[in-house]
Amino acid sequence: GAVVSQHPSWVICKSGTSVKIECRSLDFQATTMFWYRQFPKQSLMLMATSNEGSKATYEQGVEKDKFLINHASLTLSTLTVTSAHPEDSSFYICSARRGGSGRRHFGPGTRLTVT
Amino acid sequence: ELKVEQNPLFLSMQEGKNYTIYCNYSTTSDRLYWYRQDPGKSLESLFVLLSNGAVKQEGRLMASLDTKARLSTLHITAAVHDLSATYFCAVDRTGNQFYFGTGTSLTVIP
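Rules and cut-offs
- Residues numbered from 1 in each chain as written.
- Chains lettered and ligands numbered in written order.
- Predicted model: local features only at pLDDT ≥ 70, side-chain atom pairs only at ≥ 80, totals over all residues.
- Heavy atoms only, no water.
- Pairing = 2+ DSSP bridges.
- Helix = DSSP H or I, 4+ residues; strand = E, 2+ residues; numbered from the N terminus.
- Axes fitted to C-alpha atoms, helices over the stretch in contact; angles between N-to-C directions.
- Buried < 20%, exposed > 50% of the residue type's maximum accessible area, 1.4 Å probe, protein only.
- Contact = heavy atoms within 4.5 Å.
- Salt bridge = Lys/Arg side-chain N within 4 Å of Asp/Glu carboxyl O.
- Disulfide = S-S within 2.5 Å.
- Polar contact = N/O pair within 3.5 Å; in protein donor to acceptor, adjacent residues only side chain to side chain.
- Buried area = accessible area lost by both parts, 1.4 Å probe.
- Nonpolar A, V, L, I, M, F, W, Y, C, P; charged D, E, K, R; others polar.

A. Geometry of the sheet that holds strand 6 (residues 55-58) of chain B. Residue and element names in this part refer to chain B. Ordered in space as 1-3-8-7-6, the five strands form an open sheet in which the pairing is antiparallel. Sheet topology places strand 1 (4-7) and strand 6 at the edges, where each strand pairs with a single neighbour. Along the sheet, successive strands turn relative to each other by an average axial angle of 15°, direction set aside. With four bridges joining them, strand 1 and strand 3 (residues 19-25) adopt antiparallel strand pairing. From the neighbouring strand, Gln 6 faces strand 3, where its bridge partner is Cys 23.

Laid out in structure tokens, this is it:
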């Protein structure tokens with residue numbers, strides 16, 4: 001159990017366009033979802049935390065107007081990269097948690113390449 | 001802010017040898033996790049350590065936790081090529097505080 005999916009698994013988009021990444025908890029209800037970004041050969045950096053039905057909390061240095069997060073239901077959170085630029089190219093990983101102290105379950109990641 | 005540092009960052013070892021990866025963190029934690037990441041893939045959960053003195057083993061990997069020293073170790077016994085990957089520790093604190101270590105890239109050489 002505790003499966004988290006992401007869609008798409010990889011995406012290539014042109015500079016200036018927007019791209020949406022979905023994160024779904026398939027067999028549990030996730031009260032909290034987390035979005036991470038990972039550049040090559042680096043660790044995972046938390047971008048934002050979202051609770052179902054409320055606004056996301058962004059980490060320092062993450063532009064909330066550029067990285068739009070919506071957590072509309074207990075099984076779905078979306079990350080929209082608006083006006084993407086090549087420097088946004090990265091591996092984006094979501095994580096979902098059941099309850100306030102439950103373990104985090106990670107999605108398979110989405111590879112974004114902006115040309 | 002909680003800092004989580006791993007040592008070494010890069011490790012190249014021969015098959016059959018033993019080695020230890022260290023994870024130091026700067027403040028108290030509730031849980032300590034170890035993950036494995038293969039190139040281009042997401043994280044695979046290896047261990048979760050909940051209390052001081054906790055030790056867990058799975059195959060050739062053994063993880064331990066010393067909360068007083070704020071140190072966790074991941075010991076590799078008789079390494080094999082399949083263990084080549086990047087290993088992350090992560091510290092979980094109350095609430096939404098969850099911090100990844102810097103990562104250790106392990107290459108096992110035949």
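B. Local environment of the side chain of Thr 80 of chain A. Residues and elements named next belong to chain A. With respect to the secondary-structure elements, Thr 80 resides in strand 8 (residues 76-81). Judged by its relative accessible area of 16%, Thr 80 falls in the buried class. For Thr 80, the residues in contact, after removing those within four places along its chain, are Ser 18, Val 19, Lys 20, Lys 66, Phe 67 and Leu 68.

C. Quick peek at the pairing of strand 2 (residues 10-13) of chain A. All names here are of chain A. Only one face of strand 2 is covered, namely the face carrying Val 11 and Cys 13; the face carrying Trp 10 and Ile 12 is uncovered. In terms of strand pairing, strand 2 meets strand 11 (residues 110-114) through four bridges, oriented parallel. By the bridge assignment for strand 11, Val 11 is matched with Leu 112.

D. Quick look at the pattern of salt bridges. Within the structure shown, the criterion is met by three salt bridges over all chains. In this structure, the salt-bridge partner of Asp 88 of chain A is Lys 66 of chain A, at a minimum N-O distance of 2.9 Å. One end of the pair, Asp 88 of chain A, is in the loop between strand 8 and strand 9 (90-97); the other, Lys 66 of chain A, is in the loop between strand 6 (57-58) and strand 7 (67-73), with 22 residues separating them in the sequence. The pair formed by Asp 88 of chain A and Lys 66 of chain A is uniform in burial state, with each residue classed as buried. The residue Arg 36 of chain B makes a salt bridge to Asp 38 of chain B at a minimum N-O spacing of 2.9 Å.

E. Inspection of the state of the cysteines at higher detail. All names here are of chain A. In total, this model carries two disulfides over all chains according to the counting rule given. Each disulfide pairs two cysteine sulfurs, and for Cys 23 the partner residue is Cys 94, the sulfurs being separated by 2.0 Å. Between Cys 23 and Cys 94, the S-S dihedral sits near 75°, and the bridge is therefore right-handed. Separated by 71 residues along the polypeptide, Cys 23 in strand 3 (residues 19-25) and Cys 94 in strand 9 bring together distant segments of the chain. You'll find Cys 23 and Cys 94 in the same group, each marked buried.

F. Representation of the side chain of Thr 82 of chain A within the structure. Residues and elements named next belong to chain A. Structurally, Thr 82 is set in the loop between strand 8 and strand 9. Judged by relative accessible area, Thr 82 falls into the buried class, the value being 17%. Within the structure, the side chain of Thr 82 is placed 3.3 Å from the backbone oxygen of Asp 65, a separation counted as a polar contact. When neighbours within four sequence positions are excluded, Thr 82 is seen to be in contact with Thr 17, Ser 18, Asp 65, Lys 66 and Leu 68.

G. Representation of the interface of chain A and chain B in the model. Contact residues are listed per partner, giving 20 residues for chain A and 18 residues for chain B. Of the roughly 1,400 Å² buried between chain A and chain B on both sides combined, carbon and sulfur atoms contribute 48%. Looking at the side of chain A facing chain B, the largest losses of area belong to Arg 103, Arg 104 and Phe 106 of chain A, adding up to 36% of the total buried there. At the level of secondary structure, the elements contributing two or more residues to the side of chain A that touches chain B comprise strand 4 (32-38), strand 5 (44-51), strand 9 and strand 10 (104-106) of chain A. At four residues, the largest contribution of residues to the side of chain A that touches chain B is made by strand 4 of chain A. Broken down by class, the residue content of the side of chain A that touches chain B amounts to seven nonpolar, nine polar and four charged.

H. Representation of the environment of Leu 11 of chain B within the structure. Residues and elements named next belong to chain B. Checked against the element boundaries, Leu 11 lands in strand 2 (residues 10-14). As for Leu 11 and Ser 84, which are separated by 73 residues in sequence, their C-alpha atoms are 9.6 Å apart. Excluding anything up to four places from it in sequence, Leu 11 contacts Tyr 19, Ile 21, Thr 104, Ser 105, Leu 106 and Thr 107.

I. Representation of the environment of Trp 35 of chain A. Residue and element names in this part refer to chain A. Summarising the element assignment, Trp 35 is placed in strand 4. As for Trp 35 and Thr 49, which are separated by 14 residues in sequence, their C-alpha atoms are 6.6 Å apart. Within polar-contact distance, the side chain of Trp 35 engages the side chain of Ser 77 at 3.0 Å.

Distances and angles like these do not, on their own, reveal function.
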